[in-house]
Amino acid sequence: GARRHLITPGSSRARVTTSSPEPGRCTDAPAATRSAVWWLLVAALAAQPEGQEPLAVRMARGEATYRGVCAACHQRTGEGLQGVFPPLAASDYLRRPESELATVVLAGLSGPITVSGRPYNGVMPAFANLTDHEIADVLTYVRASMGNRLPPVSTEVVATARRDMPRPVEGAHP
């Protein structure tokens, strides 16, 4: 039958218990297995940067933002509408620097661009109303799904892009 592996933190080391679905049958794993599982757990926790959420959490939030904000134009599948809205699925445009992509979301984009070999000349509105966290998550989602295999975008990259955007001149007409 199927076995479950439980990791229980102890006072000085983890206890790994292997249990079977039959009632009353529970045995301790050999010491070598306990040690190996403990170090794998430690390595997994160490690989996660402190204060950064797991990628799966960011992807889920990014997908929710994408569906609520981006999918109306770029379509749910990211295929876009040829000649009108560029695709995000398997898109060469997403290989641009992360800060540039953050600026596109923050400030919008207008004028001619080429995406995956096809010309587009439209307008994408600014989404500066989204938080840095939301923009980082949606960019992370788009860059790691729909046929794209690119690394996550950090909230810090978006915050820096927002900070570096030109500000209106004081006293100028809006």
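Residues numbered from 1 in each chain as written. Predicted model: local features only at pLDDT ≥ 70, side-chain atom pairs only at ≥ 80, totals over all residues. Heavy atoms only, no water.

Caption draft 1: Representation of the overall build of the chain within the structure. When its secondary structure is counted, the chain shows five helices and five strands. The secondary structure elements of the chain, listed N-terminal to C-terminal, are β-β-β-α-α-α-β-β-α-α. Taking all 174 residues of the chain together, 30% fall into the buried category. Carbon and sulfur atoms provide 59% of the accessible area of the chain, an area that totals close to 11100 Å². (Helix = DSSP H or I, 4+ residues; strand = E, 2+ residues; numbered from the N terminus. Buried < 20%, exposed > 50% of the residue type's maximum accessible area, 1.4 Å probe, protein only. Areas by Shrake-Rupley, 256 points an atom, 1.4 Å probe, with all protein chains shown as cover.)

Caption draft 2: Summary view of the confidence of the model for the chain. In the predicted model, the chain carries a mean pLDDT of 81, and 70% of its residues have values of at least 70. With pLDDT under 50 throughout, residues 1-29 is counted as low confidence; its partners more than four residues away or in other chains account for 43 contacts. For the stretch residues 40-46, pLDDT sits under 50, and the model shows one contact to residues farther than four places along the chain or on other chains. (pLDDT = per-residue confidence, 0-100. Contact = heavy atoms within 4.5 Å.)

Caption draft 3: Seen up close, unusual backbone geometry. Phi at Gln75 is positive, roughly 75°, even though this residue is not glycine. Within the secondary structure, Gln75 is located in the loop between α2 (55-74) and α3 (98-107). According to the relative accessible area criterion, Gln75 is partly exposed, its value standing at 27%. Positive phi outside glycine occurs at Ser116, with the angle close to 50°. Here Ser116 shows up in the loop between β4 (109-115) and β5 (118-124). Relative accessible area serves as the criterion here: at 34%, Ser116 is assigned to the partly exposed category.

Caption draft 4: Region of interest: the nonpolar core. Ranked by internal contacts, the top residues of the largest apolar core, which has 29 residues, are Tyr66, Ile135, Leu139 and Val142. When residues of this core are traced back to their parent elements, those giving at least two are α2, α3, β4, α4 (132-143) and α5 (155-164). For this core, the element with the most residues is α4, which contributes six residues. The residues contacting Ile135, other than those within four sequence positions of it, are Val105, Leu106, Phe127, Leu130, Val158 and Arg162. (Core = buried A, V, L, I, M, F, W, Y, C linked by side-chain atoms within 4.5 Å.)

Caption draft 5: Geometry of the pattern of salt bridges. Under the definition given, this model contains eight salt bridges. With its nearest N and O atoms 2.6 Å apart, the salt bridge here joins Arg162 to Asp132. Of this pair, Arg162 sits in helix α5 while Asp132 sits in helix α4, placing them 30 residues apart in sequence. With its nearest N and O atoms 3.3 Å apart, the salt bridge here joins Arg163 to Asp164. What makes Arg163 exposed here is its relative accessible area of 55%. (Salt bridge = Lys/Arg side-chain N within 4 Å of Asp/Glu carboxyl O.)

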